[in-house]
Amino acid sequence: MYTPFNRPLLAAIDTIALIIFAAIGKSSHTTTGDIDIIAVLLTAFPFVTSWLLTSPITNVYSPDTSDSSNILLSTAKKVVKGWGVAIPLGVVLRGVIKGYAPPVPFIIVTLISTFIILVLARVLFAIVEDVFVEIV
């Protein structure tokens, strides 16, 4: 069983990715594009919490053993395991916190955007990690 403690830097990248998702969402709902960091963190909280707490079940922090010739595909395969459980759970948790069911457009945008942001963040992480390992 792998937890965020097995790969803390990757867990931090995932957390930042989900905070970025919340920041983009929050800024798109203001007329000035300003970001209220407390509101962003409160929005990200259910998604980050569900991502990290379900990770031992979804194995998103297990060692990378996939074919590295297609980093995008191997990363997407690993992310989809966690995303399919954690993000819907995060939507439910956010609904419980807010006291109402999120509207369908929010759910759709959340599902699509979190998947894209998490995959891109992890691909960038994998590239930097590979370069760093080669340097060292």
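Residues numbered from 1 in each chain as written. Predicted model: local features only at pLDDT ≥ 70, side-chain atom pairs only at ≥ 80, totals over all residues. Heavy atoms only, no water.

Caption draft 1: Representation of the overall build of the chain. In terms of regular secondary structure, the chain is built from four helices and zero strands. Helices and strands appear in the chain in the N-to-C order α-α-α-α. Computed over its C-alpha atoms, the radius of gyration of the chain comes to 15 Å, within 12% of the 14 Å expected for a compact globule of 136 residues. The principal-axis extents of the C-alpha atoms in the chain amount to approximately 45 × 30 × 25 Å. In the chain, which comprises 136 residues, the proportion classed as buried is 38%. The contacts of the chain with a sequence gap of at least 6 include a subset with a gap of at least 24, amounting to 75%. Of the roughly 8100 Å² of accessible surface on the chain, a fraction of 74% belongs to carbon and sulfur atoms. When the 8 positive and 8 negative side-chain charges of the chain are each reduced to one mean point, those points stand 11 Å apart. (Helix = DSSP H or I, 4+ residues; strand = E, 2+ residues; numbered from the N terminus. Rg over C-alpha atoms; globule rule 2.2 N^0.38 Å. Buried < 20%, exposed > 50% of the residue type's maximum accessible area, 1.4 Å probe, protein only. Contact = heavy atoms within 4.5 Å. Areas by Shrake-Rupley, 256 points an atom, 1.4 Å probe, with all protein chains shown as cover. Lys, Arg positive; Asp, Glu negative; His and termini not counted. Charge placed at Lys NZ, Arg CZ, Asp CG, Glu CD.)

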